[in-house]
Amino acid sequence: MVSSTEVTKLQDLANRLRVQCIQATEASKSGHPTSCASMAEIMSVLFFHTMRYKVSVPRDASNDRFVLSKGHAAPILYAAWAEAGLFPASELLNLRKFDSDLEGHPTPRLNFIDVGTGSLGQGLSVAAGMAYVGKNYDKASYRVYCVIGDGEAAEGSIWEALHFSSYYKLDNLCAIFDINRLGQSEPTSIQHNMEVYRKRLEAFGFNALVVDGHDVEELAKAFHEAQNTKGRPTAILAKTFKGKNFPNIEDLENWHGKPLGNKANEVIQHLTGLLKNPGPLGLHPQKPLVDDAPPVDITNVKLASPPSYKIGEQVATRLAYGTALTKLAKNNSRVIALDGDTKNSTFAEKIKDVDPSRFIECFIAEQNVVGVAIGAACRDRTIAFVSAFATFFTRAFDQIRMGAISQTNVNFVGSHCGVSIGEDGPSQMGLEDIAMFRAVPGSTIFYPSDAVSTERAIELAANTKGICFIRTSRPATAVVYKNEEPFAVGKAKVLRSTAKDQVLVIGAGITLHEALKAADELAKAGINIRVLDPFTIKPIDAQTIIKNAKETGGRIVTVEDHYVQGGLGEAVASAVSLERDIIVKKLAVPEVPRSGPPNVLVDNYGISARKIVTAVQEILKL
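Note that the structure is predicted; figures quoted are calculated from it, not measured.

## Topic: the UniProt feature "domain: Transketolase-like pyrimidine-binding" (unreviewed entry) in the chain
In the numbering used here, UniProt assigns the feature "domain: Transketolase-like pyrimidine-binding" (unreviewed entry) to residues 315-479. Within residues 315-479, the helical portion is 35% and the strand portion 19%, while the C-alpha atoms at the span's ends are 7 Å from each other.

## Details of the layout of surface pockets
Estimates place the volume of the largest pocket at around 300 Å³. When the residues that make up the lining of the largest pocket are grouped by side-chain class, the tally is seven nonpolar, seven polar and five charged.

## Some thoughts on the sheet that holds strand 15 (residues 503-507)
If you walk across this open sheet you meet the five strands as 14-16-15-18-19, and the pairing is mixed. Both edges of this open sheet fall to strand 14 (493-496) and strand 19 (583-589), since each of them pairs with a single strand only. Between one strand and the next, the sheet's axes are offset by a mean angle of 25°, whatever the strand orientation. The sheet strands contacting helix 16 (residues 510-524) are strand 14, strand 15, strand 16 (529-533) and strand 18 (555-563), and the helix crosses strand 16 at an angle near 165°. Across the face of the sheet, helix 18 (residues 568-575) comes into contact with strand 15, strand 18 and strand 19 while running at roughly 145° to strand 18.

## A word on the packing of helix 5 (residues 123-136) against helix 6 (residues 156-167)
The interhelical angle for the contact between helix 5 and helix 6, taken along N-to-C directions, is 20°, at an axis separation of 8 Å. Here helix 5 lies roughly parallel to helix 6, going by the angle between them. Once helix 5 is placed against helix 6, the crossing between them reads as left-handed. The residues of helix 6 that touch helix 5, namely those facing Leu124, Ser125, Ala128 and Tyr132, are Ser157, Ile158, Ala161, Leu162, Phe164 and Ser165. Of the residues in the contact of helix 5 with helix 6, the class split is seven nonpolar, three polar and no charged.

## Quick word on the environment of Glu361
Mapping Glu361 onto the fold places it in strand 8 (residues 359-361). Glu361 sits in the buried class, given a relative accessible area of 9%. For the pair Glu361 and Ala499, spaced 138 residues apart in sequence, the C-alpha separation works out to 52 Å. Those residues in contact with Glu361 that lie beyond four places of it in its chain are Phe164, Tyr168, Asp339, Gly340, Asp341 and Lys343. At 2.8 Å, the side chain of Glu361 and the side chain of Lys343 are in polar contact.

## As for the pairing of strand 3 (residues 173-179)
Extensive coverage of strand 3 is indicated by the burial of seven of its seven residues. Going residue by residue along strand 3, you find Leu173, Ala175, Phe177 and Ile179 tucked away on one face and Cys174, Ile176 and Asp178 tucked away on the opposite face as well. Sheet topology places strand 2 (residues 144-149) next to strand 3; six bridges connect them, and they run parallel. Following the sheet pairing, Val144 is matched in strand 3 by Leu173. In this region the chain leaves strand 2, passes through helix 6 and returns to the parallel neighbour strand 3; the handedness of that crossover is right-handed. Relative to strand 5 (residues 234-239), strand 3 runs parallel, the two being bridged by six bridges. Bridge pairing in strand 5 links Cys174 to Thr234.

## A few points about the nonpolar core
Among the nonpolar cores identified, the biggest contains 85 residues, and Phe177, Leu338 and Phe412 are the most heavily contacted of them. Sorting elements by how many residues they give to this core places helix 5 first, with eight residues. Beyond its immediate stretch of four places on either side in the chain, Phe412 contacts Val370, Val386, Phe393, Ile400, Phe437, Ile467, Cys468, Phe469 and Ile470. Core analysis: the next-biggest nonpolar cluster, separate from the first, contains 55 residues, Cys21, Ile76, Trp81 and Ile113 among them.

## Here we look at the packing of helix 3 (residues 40-50) against helix 4 (residues 74-84)
Here helix 3 crosses helix 4 at 35°, and the two axes come no closer than 10 Å. Seen along the crossing, helix 3 lies across helix 4 with a hand that is right-handed. Of helix 4, the residues touching helix 3 (which contributes Ala40, Met43, Phe47 and Phe48) are Ile76, Leu77, Ala80, Trp81, Glu83 and Ala84. Across the contact of helix 3 with helix 4, the residue classes break down as nine nonpolar, no polar and one charged.

## A word on the sheet that holds strand 12 (residues 468-471)
In a beta sheet, neighbouring strands pair by backbone hydrogen bonds and run either parallel or antiparallel. Pairing within the open sheet is mixed, and its seven strands lie in the order 8-7-9-10-12-11-17. On the outer flanks of this sheet lie strand 8 and strand 17 (536-538), each paired with one strand and no other. With strand direction ignored, the average angle separating the axes of adjacent strands in the sheet is 20°. Bridge count between strand 11 (residues 444-446) and strand 17: two bridges; the pairing is antiparallel.

## So, the pairing of strand 18
Counting buried residues along strand 18, nine of its nine residues qualify, which places the element largely inside the surrounding structure. Bridge count between strand 15 and strand 18: four bridges; the pairing is parallel. Paired with Ile506 across the strands is Thr558, a residue of strand 18. In terms of strand pairing, strand 18 meets strand 19 through six bridges, oriented parallel. Among the inter-strand pairings, Val559 is bridged to a residue of strand 19, identified as Leu587. Traced from strand 18 through helix 18 to strand 19, the parallel crossover comes out right-handed.

## Remarks on helix 20 (residues 609-620)
In this model helix 20 runs 17 Å from its N-terminal to its C-terminal C-alpha over 12 residues, within 8% of the 16 Å that 1.5 Å per residue would give. When we look at burial in helix 20, the residues that qualify are Ala609, Ile612, Val613, Ala615, Val616 and Ile619. Each buried residue of helix 20 sits inside an arc of 165° when the element is viewed along its axis, so together they form one side. Buried residues along helix 20 sit against strand 15, helix 16, strand 16, strand 18 and strand 19.

## Digging into unusual backbone geometry
A cis amide bond, omega 0°, links Lys538 with the succeeding residue Pro539. Among the secondary structure elements, Pro539 is positioned in the loop between strand 17 and helix 17 (542-551). In this structure, Lys169 is a non-glycine residue whose phi angle is positive, near 55°. The topology assignment puts Lys169 in the loop between helix 6 and strand 3. Lys169 sits in the partly exposed class, given a relative accessible area of 47%.

## Some details on the side chain of Glu41
Along the chain, Glu41 turns up in helix 3. According to the relative accessible area criterion, Glu41 is buried, its value standing at 1%. Separated by 2.7 Å, the side chains of Glu41 and Arg18 make a polar contact.

What counts, and where the lines are drawn
Starting from 1, residues in each chain are numbered consecutively following that chain's sequence as written. Given that the model is predicted, a residue must reach a pLDDT of at least 70 before its local features are reported, and side-chain atom pairs must reach 80 or more before they are shown or counted; all residues, however, enter totals for whole chains, interfaces and linings. Side-chain calculation: all heavy atoms of the structure are included, whereas hydrogens and water are not. UniProt positions are given in the numbering used here, feature names are shortened, and annotations may be inferred rather than shown by experiment. Only DSSP runs of H or I reaching four residues or more are called helices, and only runs of E reaching two or more are called strands; each is numbered from the N terminus. Points on a 1 Å grid, built from protein atoms alone, make a cavity when a 1.4 Å probe fits but cannot get out and make a pocket when they are open with protein on both sides within 12 Å along at least 5 of 7 lines; residues with an atom within 4 Å of a point are the lining residues. Grid points are joined across faces, edges and corners, and a volume is the space filled by probe spheres set on the points. When residue character is reported, Ala, Val, Leu, Ile, Met, Phe, Trp, Tyr, Cys and Pro are called nonpolar, Asp, Glu, Lys and Arg charged, and the others, Gly included, polar. By this definition, two strands are paired if DSSP reports at least two bridges between them. Angles run from 0 to 180 degrees between N-to-C directions of axes, and those axes are lines fitted to C-alpha atoms, restricted for helices to the stretch in contact. Note on contacts: a residue pair qualifies if any of its non-hydrogen atoms lie within 4.5 Å across the two residues. Here the word oblique covers every angle except those under 35 degrees (roughly parallel), over 145 (roughly antiparallel) and from 65 to 115 (roughly perpendicular). Throughout, a crossing is termed right-handed when the near helix is turned clockwise from the far one, and left-handed when it is turned anticlockwise from it by less than a right angle. Exposed residues in this analysis have more than 50% of their type's maximum accessible area, buried residues have under 20%, and partly exposed residues fall in between, with area computed by a 1.4 Å probe over protein chains only. Polar contacts, as counted here, are pairs of nitrogen or oxygen atoms within 3.5 Å of one another; within protein the pair requires one atom able to donate a hydrogen and one able to accept it, and residues that are adjacent in sequence qualify only if both atoms are side-chain atoms. When the strands point away from the viewer, a crossover counts as right-handed if the path from the first strand over the helix to the second runs clockwise. We call a set of buried residues a nonpolar core when its members are Ala, Val, Leu, Ile, Met, Phe, Trp, Tyr or Cys and they connect through side-chain atoms within 4.5 Å of each other. To estimate how far a helix should reach, multiply one less than its number of residues by 1.5 Å. What the arc covers is the set of directions going from the helix axis to the C-beta atoms.

Encoded structure:
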């Protein structure tokens, strides 16, 4: 399997990687050299013996995948790629500099990084998503490797990912636990009790292999066994030492996240003395790989047929999402849906009518659902739609924001938003979701108000870069748009207008329909209002809003089934903030609501047609 000569070379390479990590962190005066040192042999064996990849094309579809979940060990990942010949090793001295892409934690600004890591506990979910696609959609030979720190193994998301990987028998996935005993501020809870780790991983259905993480021969054998284990994933439990081969630093506390300072030269001298061959090692990272990942085209995806509804027909936008999903899936074999046991409420299950294999049940584990979707979307292998009750995405906000850092193109569909869901009560009501997704950099937020606009929102999201959020409602609402109505990101629609309008009312989802009712009521009293549907909350159509506000006396009323902070009202207020003569009155849910019939709640919390009528009358007095 591995010759004695190669063992020596791989050990030498591990120590050379340690030296480069010390030099890089000294140059930047920051970083985690001891965390890198514990995984040096893991990296040398993986990158120069086990993994199959094209150095010249790091993101080739057929390459093995590598995810560094313990992102603070980025310097050793950079050093491995430099040793592989992707870029000069001298570049490592630019670690963490403002004008260098060798950032403190990995991001896809680098062409050899698929996802941003560093918020711990997330890498294994992403790796599982990659492995799921490789096994079930690409049906290709590439394997997925993920290095996890023992400290981050305390995160529940790791165990969600382990369960998912075992349940779906992802035998093309190898999880490597770098068990170096020490966390940031003190030893980990399990430390070096390897038997506890082994029993836990076996209980989760993994082929669990305990190895000496500094023995390259043991590691090579373990990776070989992982490659030949069928029907379940493998976990390599590597017993390692933080700061390995650093004299007077190895396995000691209080060295996390610190360069070695005045000890650096002494440690480098020691490591250099360990090298059996200080010259070129003659290790070649380029190994034969099977070029069997199929070409994929996920551009310009369209609905298989246009919307087909009648004006006035009552259709819930969550149901229209399911319909649109099936239409996209018919037209592109890479459209997939992921859900957390809410598929019969979100209607994501409708994709099964097209192809059952394109629905991934992730069970009630929202953090893992998001991570798996990010992995599935990597290297443009799928168009992923993730659905849940809108409020449950708050549990996975960290994964979502890391998705933005990872430049992912995942589409999130949040149903059951607002008080309009009724009797289930506040724990089930998405009332913070718009604020949350607005805060995500580069995100696009769709808030369709009928079935036609929902189908078009789903189609647009499938073709929009970055994170998309589509907010859908539980109650059935009337179709207000013709089937042929065109929609675009950042373009609002005016649904009701006259030359005598005195106030601009902006609503979305169920509140747009309340605004239309209010317009009818006010018209009876001789007051004309203009009703606008923003369609997207981010980007908001500032130009159309400002134009229509000026035509209606500079008076705007916003109404939303969301808390006051961060939602539609604040998006509109921000859009008009530089206009001198526009005022905004915001109607939104002012407090934690309670259970009750939807119409009672909508009225009680101030977002009904009746309350809009009152708000219009009040703003006209200002």
